[in-house]
Amino acid sequence: MKLSNGKGKMVAPLLINGEIHDVIVRSADTLLPILREQLGLTGAKQACQNGDCGACTVLINNQPSHACLSLAIETVNQSITTIEGLSNSPMQEAFVNNWAIQCGYCTPGFIVNSHALVTNHPNADDNIIEEWLQSNICRCTGYEEIKMAVKSVLKTSSE
Amino acid sequence: MEQTERTSVGQPEQRIDAVEKAAGKVKFTDDYQAPGMLHAKLVTSTEAHAYLQSVETAAAWKVPGVRAIITGETFPFHIGPILADRPPLAYEKVRYIGEPVAIIVADSDYQAKQAASKVVVTYKKLPIVHNVQQAFEASAPVIHNDLGEYTKIIGNVYPVAGTNIASRIKIRKGDFGTAWKNCTETISETYSFNLSDHVALETRSARVEINPAGKVIVHACTQSPFTIKKVFNQFFNLDVGSVIVHIPMVGGAFGGKGTVQLEPLAYLASKAVGGRLVKLTLSREEDMTTAPCRIGFDATIKLGVDHNGKLLAGQYTFLIDSGAYSDQAAGITRAAALDCTGPYHIPNVWCDSYCMYTNHPFATSFRGYGHPELTFAVERTMDKLAKNLNMCPIELREINTILPGHTSPTQAVITKNNIGDAQKCIALAKERIAWEEGERLVGENGKVRAKGLSLFWKTSTTATNAQAGAILTFEADGKVNLNCAAIELGQGTKTVLGQIVAEKLKMKLEDIHVTMEVNTQSDPHQWRTVASSTTFLAGRAVYAAAENAIGQLKKTASTVLQCAEEDLEVGGGRVYLKPDPTFGVEIKELALGYKFPNGHSIGGQIVGVGKHIQRHLTPMDKNTGFGKPGPWWSVGVQAVEVEIDERDFTYKILKAVTVLDGGTIINPMTATQQMRGGMYMGLSYAAIEKFVFDHNEEVENNDLRQYGTLRYGEQPEQYTVDFIETPAADGPYGARGIGEYGVIGAPAALANSLSNALQVELNELPLVPEYLWKMKKERRQ
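Residues numbered from 1 in each chain as written. Chains lettered and ligands numbered in written order. Predicted model: local features only at pLDDT ≥ 70, side-chain atom pairs only at ≥ 80, totals over all residues. Heavy atoms only, no water.

### As for the overall build of chain A
Working step 1: Of regular secondary structure, chain A possesses five helices and five strands.
Working step 2: Starting at the N terminus and ending at the C terminus, chain A contains elements arranged as β-β-α-β-β-β-α-α-α-α.
Working step 3: Scaling as 2.2 N^0.38, a compact globule of 159 residues should have a C-alpha radius of gyration of about 15 Å, and chain A matches this with 16 Å.
Working step 4: Projected onto the principal axes, the alpha-carbon positions of chain A cover approximately 50 × 30 × 25 Å. (Helix = DSSP H or I, 4+ residues; strand = E, 2+ residues; numbered from the N terminus. Rg over C-alpha atoms; globule rule 2.2 N^0.38 Å.)

Below is the structure:
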């Protein structure tokens, strides 16, 4: 996929949550504003735009990625999944049932990342969980309830 | 209030916002888009203290899409919540790095950013005030030349013209001087910590439009929508009623969204483009250093005891680093003074609390409102005093605990109805942290395990006329809508208020539809969602609204059932006869008025209204502090156990304990969430958080990569939370405030545990391994 250097814009097809959406992309656009402003997929949050907090986490080909650091044009021909594409997933239910949600701003990023964690490592131990979840910041919960949520899904899937 | 079997209050009802939040479907302020909406971007100061010589905008205007550029001359007046000392856009002078100097309004976000980078600001540098100690010196550069001229927005603020003292609060209780001389043992200790940040995950955002009829429509993530109206009225000369503020759910606030900073800028931006809708969202870097942060704090504490270890005298000097403007730091200066002793009975108290200007980013309220800081200083001093007295630190606390019959530092009388039971809290916390097993143990692995503990208290220093209102409207199916201006910022307040209504109406929580968004045009006035006051104030208002609705239901039902109102009872979706509950009428038959078989109708819709206002609060006397600052004190104990490796001074927090007397707990799970999250926040602050300044007073770590917060895996391995529920006579179902309390004792408990572990005195924050190593090395030398 080529885009003229600098000022050009193009219409690009993105595969998001199993559907193709045509979006307008500048060369400098990251995936995050495209999702939020053109498609109304505001579950991914803009909280640092620096890859530091994980609030914008989406899946690109089933791997958690920072939408704020992924160039939109590079996600053409990739499969993108946002929190809106995970409706009724076990991880969402686990976050609700384990009281892992307060203000809810970090929640979509945490759920997407945790979903990918249990998909990629169905037998994850504490070290793997910690390695994966250190990428996301929550300021409300103290992480205890998030730990319980993730472990509850791991337990169910390993049974 | 009545003590019957409860079905909703006291139950761990699921939060009413959890499912939507898990789905990622909640729309926060910045999540809204509108075609034609313009975007604003700030140009911020690169100097900490300087005259503005020129702001060149010609190059910025050449960027395509730019619609307006606004500078300080547009509005050369000062605003502020307590002392009006801050121009919303720097005018003539800048006082911190990050201060807004100009606003660009453009069609798109990237155009606004591009234009902002092309504004050229020329400064004439002034000498910088680097810290509170320097600020206090007579020779220090003066940051606010017009300090004596500023308007006081509230009474209890005492600026000293010609200095950097934005406010000085005095407490004088008893006779400190004489009592000090009579003490058999005294101690004097100093403490210091830097400014830091809230790091709410949602950065601040506001949208404003001005419609052709002059209505100003504000969308904001704020804890204080009615204060926005007040500020716009005071400073922009707008009718209070023409300013309409909408607040969706808020993505964390922690006090940082309690003050009004961004909305006036968004208003000026909209005004500059003929009232068009303009959005101003801060980047993380701006949110940390342009928007207000957390105070820095220097304290000297002197305590004196008699031969039994009973506290006789306490002297407290606080220098609060307010940064460039006083904002809520002026209120924190007062709050820290009026609770300066911690929950201890001290007959002779002398406190001088100063709000100091420096050339740092300005500070505002942070969860705990000065109490985590003062508690750190008090509780570290108590531990050291116990050591000097060769006494168990818990015993020293036990014999000095404040009890009913004593008075607070401002001489407010403590009664069994306005304070929690500190002694019960101590007893349970001791058990939870297994104190008897030993304060300091060396494990087989060579690591040291140690414990530390902290008492804490706080009252809610609200406005003396702080209040809330609520409206209940009934639907045709007999279910209820609850509208009030309490803001959901993660603390679960809307769930708890719904539970109070459900309890009173004897309905299920799922039958109470709580409006999550706040709209100042349709919701009754509420002071603000701060100061752990919402369960109390809004809780009383919704309770009253439910009582009011019950009265209306009974009135209509008494006609339908042909009986006296006082013979009727409401519950289970019905109004029924007390002696014969099978005889009754369903609420849905009454909700929109009762219609008889012949078509005649009576009663009309049920609209319950309720309100509550603080009672008997007073401002503080200028010279002695005398006054009644808040409705009650919640008290508690926190304890921490750490394990430290003395080879590299890294440590793990093994256990964090909270025992709080918060009165009746309306929802044990949301309350536990608040305590755990509060402990995490207090421990993160104490362990690693602070702004690092360079020699120009620029914050070097203004992003989340460099500004550390404890991350997943670094939290305590175990949290325990317990509540002692001594009912507050005034509270809804006996509840007191709890929102901030989980934070307050955590820093002190961590510092006490690490001081025990290393057998050094740790008087600074944050408690990073390098600092611990340095202190240990000094001791060895």
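Following the structure, the description resumes.
### Here we look at the interface of chain A and chain B
Working step 1: Contact with chain A, which involves 48 residues of that partner, is made by 56 residues of chain B.
Working step 2: Here chain A meets chain B over a buried area of about 4,400 Å², counting both sides, of which 53% is carbon and sulfur.
Working step 3: Where chain A meets chain B, there are six salt bridges.
Working step 4: Ionic pairing is found between B:Asp31 and A:Arg36, a salt bridge with its closest N-O pair at 2.8 Å.
Working step 5: Run the count over chain A and chain B and you get 25 residue pairs in polar contact (both at pLDDT 80 or more).
Working step 6: Here the side of chain A that touches chain B takes four residues from helix α5 (residues 144-158) of chain A, the largest share from any one element.
Working step 7: Among the residues making up the side of chain A that touches chain B, the classes are represented as 20 nonpolar, 16 polar and twelve charged. (Contact = heavy atoms within 4.5 Å. Buried area = accessible area lost by both parts, 1.4 Å probe. Salt bridge = Lys/Arg side-chain N within 4 Å of Asp/Glu carboxyl O. Polar contact = N/O pair within 3.5 Å; in protein donor to acceptor, adjacent residues only side chain to side chain. Nonpolar A, V, L, I, M, F, W, Y, C, P; charged D, E, K, R; others polar.)

### Describing the sheet that holds strand β23 (residues 480-484) of chain B
Working definition: the strands of a sheet are paired by backbone hydrogen bonds and lie parallel or antiparallel to each other.
Residue and element names in this part refer to chain B.
Working step 1: Strands sit in the order β24-β23-β22-β31 across an open sheet of four strands; the sheet is mixed. Every interior strand has two partners, whereas the edge strands, β24 (512-514) and β31 (607-613), have only one. The average angle at which neighbouring strand axes cross in this sheet is 20 degrees, direction not considered.
Working step 2: As defined by bridge partners, strand β22 (residues 467-474) adjoins β23 across five bridges and the pair is classed as antiparallel. Bridge assignment links threonine 473 to a residue of β23, and that residue is asparagine 481.
Working step 3: Running at roughly 135 degrees to β23, helix α13 (residues 493-505) makes contact with β22, β23 and β24 of the sheet.
Working step 4: Strand contacts of helix α14 (residues 534-560): β22, β23 and β31, with the helix running at about 145 degrees to β31, the strand carrying the most contacts. (Pairing = 2+ DSSP bridges. Axes fitted to C-alpha atoms, helices over the stretch in contact; angles between N-to-C directions.)

### Some remarks on the domain arrangement of chain B
All names here are of chain B.
Working step 1: Segmenting chain B into domains produces domain 1 (18-26 + 466-613), domain 2 (33-126 + 201-252 + 257-289) and domain 3 (368-461 + 631-780).
Working step 2: Inter-centroid distance (C-alpha atoms) of domain 1 to domain 2 is 39 Å.
Working step 3: Across the boundary between the two partners, domain 1 contributes 22 residues, which contact 18 residues of domain 2.
Working step 4: The junction of domain 1 with domain 2 conceals about 1,600 Å² of combined surface from both sides, 62% of it contributed by carbon and sulfur atoms.
Working step 5: The tally of links between domain 1 and domain 2 comes to zero salt bridges. (Domains from an automatic or database assignment.)

### Quick notes on the environment of B:Thr559
Working step 1: Inspection of the secondary structure puts B:Thr559 in helix α14.
Working step 2: Spatially, the C-alpha atom of B:Thr559 lies 9.5 Å from that of B:Tyr594, the residues being 35 residues apart in sequence.

### Remarks on the environment of B:Gly256
Residues and elements named next belong to chain B.
Working step 1: Among the secondary structure elements, glycine 256 is positioned in the loop between β13 (243-247) and α7 (262-272).
Working step 2: Linking glycine 256 and cysteine 293, residues 37 residues apart in sequence, is a C-alpha distance of 6.9 Å.
Working step 3: When residues no more than four places from it in sequence are discounted, the contact partners of glycine 256 are His198, Arg204, Gln223, Thr364 and Ser365.

### Regarding the nonpolar core
Residues and elements named next belong to chain B.
Working step 1: Counting 217 residues, the largest nonpolar core has Tyr316, Phe318, Phe474, Tyr651, Leu750, Leu767 and Leu772 as its most contacted members.
Working step 2: With 13 residues, the single largest contributor to this core is α14.
Working step 3: Once residues lying within four places of it in the same chain are set aside, the contact partners of tyrosine 651 are Val642, Glu643, Ile644, Ala687, Leu750, Leu754, Leu767 and Leu772.
Working step 4: In this structure, Ile79, Leu89, Phe226 and Val273 belong to the second largest nonpolar core, which totals 46 residues. (Core = buried A, V, L, I, M, F, W, Y, C linked by side-chain atoms within 4.5 Å. Buried < 20%, exposed > 50% of the residue type's maximum accessible area, 1.4 Å probe, protein only.)

### Regarding unusual backbone geometry
All names here are of chain B.
Working step 1: Here the amide bond leading from leucine 765 into proline 766 is cis, since omega sits at -5 degrees, within 30 degrees of zero.
Working step 2: Residue position: proline 766 is located in the loop between α18 (746-758) and α19 (769-780).
Working step 3: Unusually for a residue other than glycine, aspartate 327 sits at a positive phi of about 35 degrees.
Working step 4: Within the secondary structure layout, aspartate 327 lies in the loop between β17 (311-323) and α9 (329-338).
Working step 5: On the basis of relative accessibility, which here comes to 3%, the residue aspartate 327 falls in the buried class.
Working step 6: Unusually for a residue other than glycine, tyrosine 733 sits at a positive phi of about 55 degrees.
Working step 7: Mapped onto the fold, tyrosine 733 is located in the loop between β34 (718-724) and α17 (741-744).
Working step 8: Take tyrosine 733: its relative accessible area is 3%, and that puts it in the buried class.

### Remarks on the packing of aromatic side chains
Given two aromatic rings, one states the distance between the centres and the angle between the planes to describe the pair.
Residues and elements named next belong to chain B.
Working step 1: All told, the structure shown has 26 aromatic pairs over all chains when counted by the stated rule.
Working step 2: Between the aromatic rings of phenylalanine 232 and tyrosine 267, the centroid separation amounts to 5.3 Å while the plane-to-plane angle is 55 degrees, which identifies the pairing as tilted. Remark: tyrosine 267 occurs in helix α7 and phenylalanine 232 occurs in helix α6 (residues 225-236); sequence separation between them is 35 residues. Each of the two residues, phenylalanine 232 as well as tyrosine 267, counts as buried.
Working step 3: Among the aromatic residues, those joined into a cluster by ring pairs are Tyr191, Phe193, Phe297, Tyr316, Phe318, Phe376 and Tyr685.
Working step 4: A cation over an aromatic ring shows up here: arginine 294 above the ring of phenylalanine 366, its NZ or CZ 4.0 Å from the ring centre.
Working step 5: Above the face of the tryptophan 527 ring, arginine 528 is positioned so that its terminal group lies 5.4 Å from the ring centre. (Phe/Tyr/Trp six-rings, centres within 6.5 Å; stacked < 30°, edge-to-face > 60°. Lys NZ or Arg CZ within 6 Å of the ring centre and 35° of its normal.)

### Notes on a negative patch on the surface
Residues and elements named next belong to chain B.
Working step 1: Residues Glu73, Glu92, Asp146 and Glu149 make up a contiguous surface patch of negative charge.
Working step 2: Summarising the element assignment, aspartate 146 is placed in the loop between α4 (132-136) and β8 (151-152).
Working step 3: For aspartate 146, a relative accessible area of 42% puts it in the partly exposed group. (Patch = residues over 30% accessible without salt bridge, like charges linked within 9 Å, V, L, I, M, F, W, Y side chains within 5 Å. Areas by Shrake-Rupley, 256 points an atom, 1.4 Å probe, with all protein chains shown as cover. Lys, Arg positive; Asp, Glu negative; His and termini not counted. Charge placed at Lys NZ, Arg CZ, Asp CG, Glu CD.)

### Considering α6(B)
Residues and elements named next belong to chain B.
Working step 1: Helix length check: α6, at twelve residues, gives a terminal C-alpha distance of 16 Å against a target of 16 Å (1.5 Å per residue), a fit within 8%.
Working step 2: By the criterion of burial, α6 is predominantly enclosed, with nine of the twelve residues buried.
Working step 3: Along α6, the residues that are buried comprise Pro225, Phe226, Thr227, Ile228, Lys229, Val231, Phe232, Phe235 and Phe236.
Working step 4: Those residues of α6 hidden inside the fold are in contact with β4 (83-84), β12 (216-220), β13, α7 and β25 (518-519). (Expected span 1.5 Å × (residues − 1).)

### Concerning the domain arrangement of chain A
Residue and element names in this part refer to chain A.
Working step 1: With domains assigned, chain A is organised as domain 1 (9-83) and domain 2 (88-158).
Working step 2: Taking only C-alpha atoms into account, the centre of domain 1 sits 21 Å from that of domain 2.
Working step 3: If you look at the interface, domain 1 gives 16 residues, while domain 2 gives 14 residues.
Working step 4: Taken together, the two surfaces of domain 1 and domain 2 that pack against each other cover about 1,100 Å², and 64% of this comes from carbon and sulfur.
Working step 5: Together, Lys45, Thr57 and Ile83 form the three largest contributors to the area buried by domain 1 at its contact with domain 2, with a combined 37%.
Working step 6: Scanning the region where domain 1 abuts domain 2 turns up zero salt bridges.
Working step 7: Run the count over domain 1 and domain 2 and you get three residue pairs in polar contact (both at pLDDT 80 or more).
Working step 8: Contributing elements (two or more residues each) for the side of domain 1 that touches domain 2: β3 (57-60) and β4 (63-66).
Working step 9: Take the side of domain 1 that touches domain 2: its biggest share by element is three residues, from β3.
Working step 10: Residues of the side of domain 1 that touches domain 2, tallied by class, amount to seven nonpolar, seven polar and two charged.

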